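# Report on the structure
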Amino acid sequence: MKKKLAALSLALTLLTVPAAAFTDVDEGLYYAAPIAWAVEQGITTGTTETTFSPDVLCTRGQIITFLWRAAGSPEPQSMDSPYADVVSSMNQEFYKAILWAGETGIIGPDSLDADGCFAPGAPCTRAVTMGFLWRYAGSPAAGDSAIFTDVSPEANYAQAVSWAVEAGITEGTAETTFSPDEPCTRGQIAAFLYRCLNDSGHVPESPPDTAPAEPGAASVPEEPDEDFRPLRTLTGVGKAYSLGLDGSEFTSEEVYEAEVSVDIYSGTEAVLTIRVPFPLFQACCYTVRFDDSDNPGEGYLFTYLRWDEAFADIIPWEGEHYIHRFTNTTGRQSQAAVIHEPGEDDRMGGVVTWRVRFPEGRGGFSFNRLEGYQLSCEVNCTL
């Protein structure tokens, strides 16, 4: 799967310290990879040469500046500010970014107070953040936000919240609440930007200032898409039972160690991979488990059942079967159907891969909820 990332053309020399160099960024936390990406792309910088301050609140002016840099730091059409609290004597990057965001519609009427002020130094709330990102992405259509009791369908940010949840950019702070007025930290904003820019790949256009191309003029070829990278990768181990090579028996007595990895691309999409130390020539059952460490017995199961022709002499053969199952053992939420796509298995190398996609919507399982869950797997021949 490929997505186009926003082109970057920075006007200033920016700090490009890798995230690993920030003493206050724990590599094991969800925002580590997004921060590394944002710094590498020149979208943001550290607060000092060795710190990023991921827990410091992010201001409205800062997130607009991040989006402006991601779009290539375009010059605004006019240098006259329409906002009483945005003046030319302020930081020029902030100033140009806010003017550009106003011209492109990223700053909407709902982003201003009753006096028409933008309040660039105010903390950026979850609702305001999703509004900026939604308009940056072109204000795509989305479902309603009825699942959240604290987001009124009439709220000016309701569509933005629905879109952000459906796109896997964020989720509720609880199953029924979104906390729209909660301020966002720099680490959270980096994660939101990463998911938005990698998933939507949308770069809002500034108002046109050039004449249309002459008829017959050569067109500029579009740059090739970059490979879409996972937001994060989870790993674990489990058990695998030898299946034999000739189909004459289901298992041997030896138990091997299996490895599992889950590449998460959004809240609704991931690629699951299991590796075992023997060739996979028979039909078998592959199970990936996410167990809630705080509530034993609760979690999620992804199961892939595969019938191979090697079993033709052992069970009634009806042709190849590929069945995927998703089981929620918590029983606390409704689940939507899941769409699965087979991956490119390496039978000789003992690798099986499949992609899981949940339909975009609310109320179902989200890969973003797996923080703290124990990942494991099992390979056997239970059909």
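Definitions and cut-offs
Residues numbered from 1 in each chain as written. Predicted model: local features only at pLDDT ≥ 70, side-chain atom pairs only at ≥ 80, totals over all residues. Heavy atoms only, no water. Core = buried A, V, L, I, M, F, W, Y, C linked by side-chain atoms within 4.5 Å. Buried < 20%, exposed > 50% of the residue type's maximum accessible area, 1.4 Å probe, protein only. Helix = DSSP H or I, 4+ residues; strand = E, 2+ residues; numbered from the N terminus. Contact = heavy atoms within 4.5 Å. Phe/Tyr/Trp six-rings, centres within 6.5 Å; stacked < 30°, edge-to-face > 60°. Lys NZ or Arg CZ within 6 Å of the ring centre and 35° of its normal. pLDDT = per-residue confidence, 0-100. Salt bridge = Lys/Arg side-chain N within 4 Å of Asp/Glu carboxyl O. Axes fitted to C-alpha atoms, helices over the stretch in contact; angles between N-to-C directions. Parallel < 35°, antiparallel > 145°, perpendicular 65-115°, else oblique. Nonpolar A, V, L, I, M, F, W, Y, C, P; charged D, E, K, R; others polar. Pairing = 2+ DSSP bridges. Disulfide = S-S within 2.5 Å.

### Considering the nonpolar core
If you look at the biggest cluster of nonpolar residues, it comprises 52 residues, and the most contacted ones within it are I64, F132, L133, W163 and I169. The set of elements that each furnish at least two residues to this core consists of α1 (32–40), α2 (60–70), α3 (92–104), α4 (126–136), α5 (158–166) and α6 (186–200). Those residues in contact with L133, other than ones at most four positions away along the chain, are L67, W163, I169, F192, L193 and C196. Among the nonpolar cores identified, the runner-up in size contains 31 residues, and F278, F302, V352 and F367 belong to it.

### A closer look at the packing of aromatic side chains
Taken as a whole, this structure holds 13 aromatic pairs when the rule is applied. Here Y300 and Y373 contribute two aromatic rings whose centre-to-centre distance is 5.9 Å and whose plane-to-plane angle is 35°, an arrangement assigned as tilted. A residue pair is termed long-range when its members are at least 10 positions apart, and Y300 in strand β7 (residues 299–307) and Y373 in strand β11 (residues 373–380) qualify at 73 residues. Residues F302 and F326 carry aromatic rings whose centres are separated by 4.8 Å and whose planes lie at 45° to one another, so their mutual orientation is tilted. Taken together, the positions of F302 in strand β7 and F326 in strand β8 (residues 321–328) put the pair 24 residues apart, joining distant regions of the chain. Each of the two residues, F302 as well as F326, counts as buried. Each member of the aromatic cluster is reached from another via a ring pair, and the members are F290, Y300, F302, F326, F367 and Y373. It is R186 that lies over the ring of F52; its NZ or CZ is 4.2 Å from the centre.

### Examining the side chain of D292
Structurally, the position occupied by D292 is in strand β6 (residues 284–292). The contact partners of D292, leaving out residues within four places of it in the chain, are E298, G299 and Y373.

### Quick look at the confidence of the model for the protein
Interpretation of the predicted coordinates at a detailed level should be avoided for regions scoring low in pLDDT. Chain-level statistics for the protein give a pLDDT mean of 76 and a share of 74% at 70 or above. Ranking the elements of the protein by mean pLDDT puts strand β1 (residues 2–3) last with 27 and α4 first with 94. Confidence over residues 1–19 falls short of pLDDT 50; this stretch has 64 contacts with residues more than four positions distant or in other chains. Counting interchain partners and residues more than four positions distant, the pLDDT-below-50 stretch residues 199–227 has 37 contacts.

### Some details on the pattern of salt bridges
The tally for this structure, following the rule as stated, stands at 5 salt bridges. Note that R357 is salt-bridged to E269, the shortest N-O span being 3.0 Å. In this pair, R357 is assigned in strand β10 (residues 351–357) and E269 in strand β5 (residues 269–275), connecting sequence segments 88 residues apart.

### Some remarks on α4
Within α4, 10 of the 11 residues are buried, which leaves the element mostly enclosed by the surrounding structure. At the C-terminal side of α4, G138 shows a positive phi close to 100°.

### Quick look at α2
An α-helix turns once per 3.6 residues; consequently, residues spaced three or four apart project the same way. For α2, the buried fraction is high: 10 of the 11 residues fall into the buried class. Within α2 the residues assigned to the buried category are R60, G61, I63, I64, T65, F66, L67, W68, R69 and A70. The positive-phi residue at the C-terminal boundary of α2 is G72, with phi of around 105°.

### Focus: the packing of α2 against α3
It is the contact of α2 with α3, at a shortest axis distance of 8 Å, that shows an interaxial angle of 80°. By the angle between their directions, the pair α2 and α3 is classed as roughly perpendicular. Seen from α2, the contacting residues are G61, Q62, I64, T65, L67, W68 and R69; seen from α3, they are E93, F94, K96, A97, I98, W100 and A101. Class assignment for the residues of the contact of α2 with α3 results in 8 nonpolar, 3 polar and 3 charged.

### With respect to the pairing of strand β3 (residues 232–241)
Relative to strand β4 (residues 255–266), β3 is paired through 10 bridges, and the arrangement is antiparallel. Note on β4: the bridge partner recorded for L234 is V262. By the bridge criterion, 4 bridges tie β3 to β11 in an arrangement that is parallel. Paired with K239 across the bridge in β11 is E378.

### Quick look at the state of the cysteines
Within this structure, the stated rule accounts for 0 disulfides. You can see C184 has no disulfide; the closest cysteine sulfur is in C124, sitting 6.0 Å from it.

### Some points on the pairing of β6
In terms of burial, β6 is a largely internal element, 7 of the 9 residues being buried. For β6 and β11, the ladder comprises 8 bridges, and the chain directions are antiparallel. Following the sheet pairing, T287 is matched in β11 by E378.

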